[in-house]
Amino acid sequence: MKRNLFTMLLLCAAVLAGCSKNDEAVDSEYPVIDITGADAFPVQCSVLERGKTVTFKARFTDNVALGSYSLDIHHNFDHHTHSTEVNTCAESPNKTPVKPLVFIKDYTLPAGARDYTATATISIPADVDTGDYHFMIRLTDKEGWQTIKGLSIKIQ
Amino acid sequence: MQKRIVCSILLCCIAFLAKAQHSRIVGSIVSGSKPLAGVAVLLNHGQVLSVTDSLGGFYFNQLVKGRYVITIQAAGYEAYHNRVLVADTLIKLPVIALKSKINQLEEVTVVNSYATMRKRESTLLPDVVSQDYLLRNSGGSLMKSLEKLPGIKAIGIGSGNAKPLIRGLGFNQVVVVENGMKHEGQQWGADHGLEIDQYAAGRVEIVKGPAAIIHGSDAIAGVVDIQAPALPEPHTSGGAVALTGKSNNALWTVSANAFTRTQRWFVTGRVTATEYADYRVPADTVYIYSYAAALHKNRVRNTAGRELNLHVSTGWVGNNVQSVFNASRTYSRSGFFANAHGLEPRRVDAALHDASDRDIQLPSQEVVHYKLMNRTSFQFAGHRAEVQVGVQQNFRQEWNRYVNHGYMPAVYPAHMTIPSTLERQYDKTVTSLLLKDEWQWGNHTITVGGSGDYQRNSIDGWSFLIPAFTQWNAGAYLYDKWKLHPQWLVSAAVRYDYGQIRMKPYTDWFASEVVNNGDTMQQFLSRSQQALRSFSSVNWSAGISHTPGNWLFKMNVGSSFRMPIAKELGANGVNYHYFRYEKGNINLNAERSYQLDVAAGWNSSKASVTISPFLNYFPNYIFLNPTAAHDYYYGAGNQVFEYTQSRVMRYGAELQVRYDFLPHWSASLAAEYLYNRQLSGGKKGYTLPFTPPPSVLTGVTWRPAFRKGVSDTYFTLEWRVAAAQNRIVPPERTTPSYQLFDFSAGTRMLTKGQPIYVHLQVQNLFNTNYLNHTSFYRLIALPEAGRNIVLSLRVPLLWKAPAAGSN
């Protein structure tokens, strides 16, 4: 009886000892997309012109190291989604796409960078449909944490 | 480590072989003139157990001379107690005739004694629950009803679909067995529930530990074994009606069954129908990746569903041969939370969705699962052999409005033959064969068995995630349970498995823009190539069980393995639930696991304590690793998640305490702790996804004894405290701690000889807004269901009772 009780207490102690082990710190912070800078482009409700080249510009920061980013422009003619921004933009009426702009591209960032202002040139073809679009910025850090920013823009 | 365990087992053997000069009790049990098979016989209130064979016989070997108490509890019979004085080396008891309790169609007592027996006769500690337990704790699905057991969680989507998570592992790391055969659904997705009717389960047994020996690949974390209710008694006919209603999602369920049996033949049937509305959460707005979605009347938009399940079983019961056919069809259709499905959080047509909370709009899922099986067992010359064959089909469709992404055309082309709303379709057909023979050799119970299955998987729909494939597996095992002494049990087992998976090619139906040497070309991308992989594995297990008096000690060490599934080998597309691009790796190795399980317990009629710690190591855990990369060809610009393998260490424990502190009062406590850590790879130092936080479930039950006609009355108040989960791995979010109160009550009423069971539950008594770390919708911060009042009623009916003379 006493020996059994002792065995059981020993088991409990072993479990508790296991519980109290401390972890070495791992990165659990998300990277940050900052489009508040004066020259950041596009921002919520920006207008992109057809047949012209625009320059994307945003500041990316992370506590350890940035990973990569991707840009995605797709139509929102059916007003299917909402941007992540608080203020809304005036929307054109719903319509059926004929030749909407499809732009998807992923970009690398300098290895180990913690604070980087990214720029990318995007040419908008002259023959794409005008109207409401979404501009999605997806940013990861080295560990795979991802931050998404969705902007409502217009192509004219 | 392993050496030391083997040494200690050997030492124990020697010590107990040295003891000799034991006595033996033999006896048999009948009802009328018929022998009763499968009845548990307890010696000294469960210190030693024996189960009667087909001739009703039982025996206890190696007893020390002295006084013993024999107890027998069997479903439908009065309990039997008797004292036996063992003075000679062989005591032959007179035939024990059990008295039938007519109208008492209750399985509780037999399950309790079965559970006690299973806990003693195994070197791993199983949890066993009865149909009555399921009804008392009825959740939206079978796994939700089992969530009060420590170490068991349900990973669910919506209110009606959930699958098991045992000690933080789930999906294809847990095997679900129904009526002896592995249930083959689409186990890989968190949105896939189990196509199982919880009303048709007679008993559920859960093993938290490696069970690869009997079940082969996949049983790394454990097994949920769903067993059919006991066969009807000879010359009886009857049935039961169960009704359930739930307030939160306005659910109603009707489940009715009927049975009849002659001496040899029997037929049983069951129909279960369920319908439920969108469920409610204590929040009016949820934030899906910072996009605010307003909820109409607190309802999670488009999560209504319905189910219709049919079961038929028939068979022949002989003295030495028994053959049972089972056929079932389970059907379910339910909606996905409309705002959180697709490529981004969606703004939905609120007027359409909110017009009715009972309709199922897009996006939705529809699953139909057919099963046909036969299980035949033979008893001859001390052998118990079993042959089981089965065919099952799982047909799953996911419906959604066409959403172009990547280079898909903006408007769904008219020439496509796939319906524009068929997002994905999976069709799986599995044919299985199981063989088993068990016999007694001295104090050894030896089992040899083998299994083989062949499966075909085809796909359809306008989007692509995993390729079509075919697969076959074969395995054989040898298992020895050696009863050294009434209190000592040693087990050893070995198993060999071989499997082959053939992946089929897949090419996009739309062209993508590919830049080659500065030229932009239109190309149909290939997402899956023809591939063949073979896997083989030898697994072993050894355990020891010591059950002196009221105590129980167990230790088991074993290995398990899992063949990578088609998704891990060949995924190459966007997962619409999580907005991410998942990429398989055709070169993955079979996942291996080594686990040490220990259990210690003390049990008396007034109180019991059980603690069950474990230590688990994976040299190559298959992990879906979120990378820093994005992909625009296959992933439509989404973040790339790649299947990789890493070393993983896990440990934890469960604690269960029961104490009857006053004559009609009892208190219970169930606590669980789990620690996961990746020791190598890209996420070294991180935990594994879906790691449940430590939690404690405390309960107080009052079982008052009322006047005649009302029995088994209980009132229970339960309080769950779950700690915060701050150890996370991308893309998880930390989950704050929470407290939850549940109330339940029930009784059995007898009116004119007709029993009626009533159960009432109030889940989430205070309508607490909390997040569950293992919920599918945790990532989009959707709170769990609010207050839910559940009322269940069960009326067992006996049309034809066994003739009084024959009992």
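Residues numbered from 1 in each chain as written. Chains lettered and ligands numbered in written order. Predicted model: local features only at pLDDT ≥ 70, side-chain atom pairs only at ≥ 80, totals over all residues. Heavy atoms only, no water.

In the annotation of an unreviewed UniProt entry, the entry for chain A reads DUF4625 domain-containing protein, and the organism field reads Filimonas zeae.

Attention now goes to a nonpolar patch on the surface. All names here are of chain B. Judged by side-chain polarity, Trp265, Trp316, Val321, Phe378, Phe380, Val387, Val389, Leu433 and Leu435 come together as a nonpolar surface patch covering roughly 760 Å² of accessible area. Contributions of two or more residues to the nonpolar patch are made by strand E25 (364–380), strand E26 (383–399) and strand E27 (422–441). Here Val387 is to be found in strand E26. The exposure class of Val387 is partly exposed, given its relative accessible area of 32%. (Patch = residues over 30% accessible without salt bridge, like charges linked within 9 Å, V, L, I, M, F, W, Y side chains within 5 Å. Areas by Shrake-Rupley, 256 points an atom, 1.4 Å probe, with all protein chains shown as cover. Salt bridge = Lys/Arg side-chain N within 4 Å of Asp/Glu carboxyl O. Helix = DSSP H or I, 4+ residues; strand = E, 2+ residues; numbered from the N terminus. Buried < 20%, exposed > 50% of the residue type's maximum accessible area, 1.4 Å probe, protein only.)

All names here are of chain B. Spatially, four strands are ordered E4-E3-E6-E7 in an open sheet, and the strand pairing comes out antiparallel. Each of the sheet's edge strands pairs with one partner strand only, and the pair in question is strand E4 (48–51) and strand E7 (80–86). Looking at each pair of strands side by side, their axes are set apart by 25° on average, direction ignored. Pairing of strand E6 (residues 66–72) with E7 involves seven bridges; the strand directions are antiparallel. Counterpart to Ile72 in the pairing with E7 is Tyr80. (Pairing = 2+ DSSP bridges. Axes fitted to C-alpha atoms, helices over the stretch in contact; angles between N-to-C directions.)

Another point: the domain arrangement of chain B. Along its sequence, chain B is organised into domain 1 (21–97) and domain 2 (108–347 + 358–527 + 536–806). Relative placement of domain 1 of chain B and domain 2 of chain B: their C-alpha centres are 37 Å apart. (Domains from an automatic or database assignment.)

All names here are of chain B. Where strand E23 (residues 305–317) and strand E24 (residues 321–335) come together, 13 bridges link them in antiparallel fashion. Looking at the pairing, Gly315 lines up with Val324 of E24. Strand direction decides the pairing type here: E24 and E25, joined by 15 bridges, are antiparallel. Bridging across to E25, Arg333 finds its partner in Glu366.

Quick look at the environment of Gln425 of chain B now. Residue and element names in this part refer to chain B. Topologically, Gln425 is positioned in strand E27. Under the relative-accessibility criterion, Gln425 is labelled buried at 13%. Measuring from C-alpha to C-alpha, the distance between Gln425 and Ile459 comes to 5.4 Å, with 34 residues separating the pair along the chain. The residues touching Gln425, leaving out its near neighbours within four places in the chain, are Phe395, Arg396, Gln397, Ser458, Ile459 and Asp460. A distance of 3.1 Å separates a polar atom in the side chain of Gln425 from a polar atom in the side chain of Gln397. (Contact = heavy atoms within 4.5 Å. Polar contact = N/O pair within 3.5 Å; in protein donor to acceptor, adjacent residues only side chain to side chain.)

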